[in-house]
Amino acid sequence: MTLQQEIVGNAMQMAVVNLQPGQTVYCEAGKFLFKTPNVTMETRLSGPSGNGGQQQGGGGGMGGLLRQAMGTAMQAGQRALAGESLAFQYFTAEGGAGTVGFAGVLPGEMRALELDGTRAWFAEKDAFVAAESTVEFGIAFQGGRTGMSGGEGFILEKFTGHGTVIIAGAGNFIDLDPADFGGRIEVDTGCVVAFEEGIQYGVQRVGGLNRQGIMNAVFGGEGLSLATLEGSGRVILQSLTIESLANALKKAQGGDKQGPTGGLFSTHAG
């Protein structure tokens, strides 16, 4: 059953989802806006299993219950380690069609991605808004060297299965395919919103350890690293980074000490 949804708004969009009787959609805690009275809401620590939101018992008796409890604890622990919400909220239409609304947490766009089971999608931390119960949410940890250098890229959200998943970001979105640019693009690490499985994500140093490399890092506003995206597939980038938004707010409040240089002298949100 296809998820009927419409993304509305401009500067800060929202997703309005129309549920058929018995259809379930889930969101990360804190992304819910409104619902009609016939849509039930249930909060769980466990994520969907990809089988329509039904909990897997793992067998009967105490052994099955224990395995289910251990699986739930591992999922919640992984999300906690990644800095994600511990719980999901599930919404199901009962006795007729229903409507539920969701939004992200920053001014910007939203996008509905359609999964057909052949390719997973990866997204930046906190990009997930809502998805059909047939879409499975997971956490992907990048390799230590890439992750420690890449900031936002160390922990990614991973979506598999069939159905619709809705993500959000900051500012405006642009869709690119690295194959259209010789197979590789280099971007600010905070600009990556999401990309399809098959895209190779990495981090590279900005310039060498020479005069120009130091100038790029200190005065260029990008720090020491850039994200690299290689291969063929869909990539979604955002025009506003969380760091630049935080610095703009600090500057407006008179608390920005970075001056005109940016780069390594930028004031990071703590």
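Residues numbered from 1 in each chain as written. Predicted model: local features only at pLDDT ≥ 70, side-chain atom pairs only at ≥ 80, totals over all residues. Heavy atoms only, no water.

**Details of the overall build of the chain**
Now for step 1: The helix and strand tally for the chain stands at four helices and 18 strands.
Now for step 2: Looking at the chain as a whole, 45% of its 270 residues are labelled buried.
Now for step 3: Look at the contacts in the chain between residues 6 or more apart in sequence, and 78% of them connect residues 24 or more apart.
Now for step 4: Approximately 13200 Å² of the chain is accessible, and the part contributed by carbon and sulfur atoms is 56%. (Helix = DSSP H or I, 4+ residues; strand = E, 2+ residues; numbered from the N terminus. Buried < 20%, exposed > 50% of the residue type's maximum accessible area, 1.4 Å probe, protein only. Contact = heavy atoms within 4.5 Å. Areas by Shrake-Rupley, 256 points an atom, 1.4 Å probe, with all protein chains shown as cover.)

**Re the sheet that holds strand β16 (residues 200-205)**
Now for step 1: An order of β14-β17-β16 is seen for the three strands of this open sheet, with the pairing classed as antiparallel. The sheet terminates laterally at β14 (184-187) and β16, the two strands that pair on one side only. Each strand axis lies, on average, 30° off the axis of its neighbour in the sheet, ignoring direction.
Now for step 2: Taken together, the six bridges between β16 and strand β17 (residues 225-230) define a ladder with antiparallel strand orientation. What sits directly across from arginine 205, in β17, is serine 225. (Pairing = 2+ DSSP bridges. Axes fitted to C-alpha atoms, helices over the stretch in contact; angles between N-to-C directions.)

**Concerning the pattern of salt bridges**
Now for step 1: Using the criterion set out here, one finds nine salt bridges in the structure.
Now for step 2: One salt bridge in this structure joins glutamate 196 and arginine 119, with 3.0 Å as the shortest N-O distance. Taken as a pair, glutamate 196 in strand β15 (residues 192-196) and arginine 119 in the loop between β8 (110-116) and β9 (121-124) lie far apart in primary sequence, 77 residues in all.
Now for step 3: For arginine 119, a relative accessible area of 33% gives the class partly exposed.
Now for step 4: For aspartate 175, the salt bridge identified is with arginine 234, shortest N-O distance 2.9 Å. Of this pair, aspartate 175 sits in strand β13 (residues 173-176) while arginine 234 sits in the loop between β17 and β18 (235-238), and the two are 59 residues apart along the sequence. (Salt bridge = Lys/Arg side-chain N within 4 Å of Asp/Glu carboxyl O.)

**Observations concerning the nonpolar core**
Now for step 1: In this structure, Tyr26, Phe128, Phe159, Val165 and Ile167 are the most contacted members of the largest nonpolar core, which totals 21 residues.
Now for step 2: Elements with a contribution of two residues or more to this core: β6 (88-93), β8, β9, β10 (128-132), β11 (135-141), β12 (155-168) and β15.
Now for step 3: With four residues, β12 is the single largest residue contributor to this core.
Now for step 4: Of all hydrophobic cores here, the second largest spans 17 residues; its members include Cys27, Val100, Val129 and Ile166. (Core = buried A, V, L, I, M, F, W, Y, C linked by side-chain atoms within 4.5 Å.)

**Observations concerning the environment of threonine 40**
Now for step 1: For threonine 40, the location among the structural elements is in strand β5 (residues 39-44).
Now for step 2: Ignoring any residue separated from it by four or fewer positions in sequence, one finds threonine 40 in contact with Tyr90, Phe91, Thr92 and Glu94.

**Some points on unusual backbone geometry**
Excluding glycine, most residues fall at negative phi; most peptide bonds, likewise, are trans.
Now for step 1: Positive phi values are uncommon outside glycine, yet aspartate 126 reaches one of about 80°.
Now for step 2: You can see aspartate 126 is positioned in the loop between β9 and β10.

**Description of the pairing of β17**
Now for step 1: Of all six residues making up β17, five are buried, and the element is well covered by its neighbours.
Now for step 2: Bridging between β14 and β17 involves four bridges; their strand directions are antiparallel. Bridge pairing in β17 places valine 187 opposite alanine 227.

**Digging into the packing of aromatic side chains**
Now for step 1: Evaluated as defined, the whole model comprises 12 aromatic pairs.
Now for step 2: Taking 5.6 Å as the distance between ring centres and 25° as the angle between the ring planes, the aromatic pair formed by tyrosine 26 and tyrosine 90 counts as stacked. Of this pair, tyrosine 26 sits in strand β3 (residues 24-28) while tyrosine 90 sits in strand β6, and the two are 64 residues apart along the sequence.
Now for step 3: The interplanar angle of 85° and the centroid separation of 6.4 Å between the aromatic rings of phenylalanine 88 and phenylalanine 128 together place this pair among those described as edge-to-face. Of this pair, phenylalanine 88 sits in strand β6 while phenylalanine 128 sits in strand β10, placing them 40 residues apart in sequence.
Now for step 4: The class for phenylalanine 88 is buried, based on a relative accessible area of 1%.
Now for step 5: Pairwise contacts between aromatic rings join Tyr26, Phe88, Tyr90, Phe128, Phe137 and Phe159 into one cluster. (Phe/Tyr/Trp six-rings, centres within 6.5 Å; stacked < 30°, edge-to-face > 60°.)

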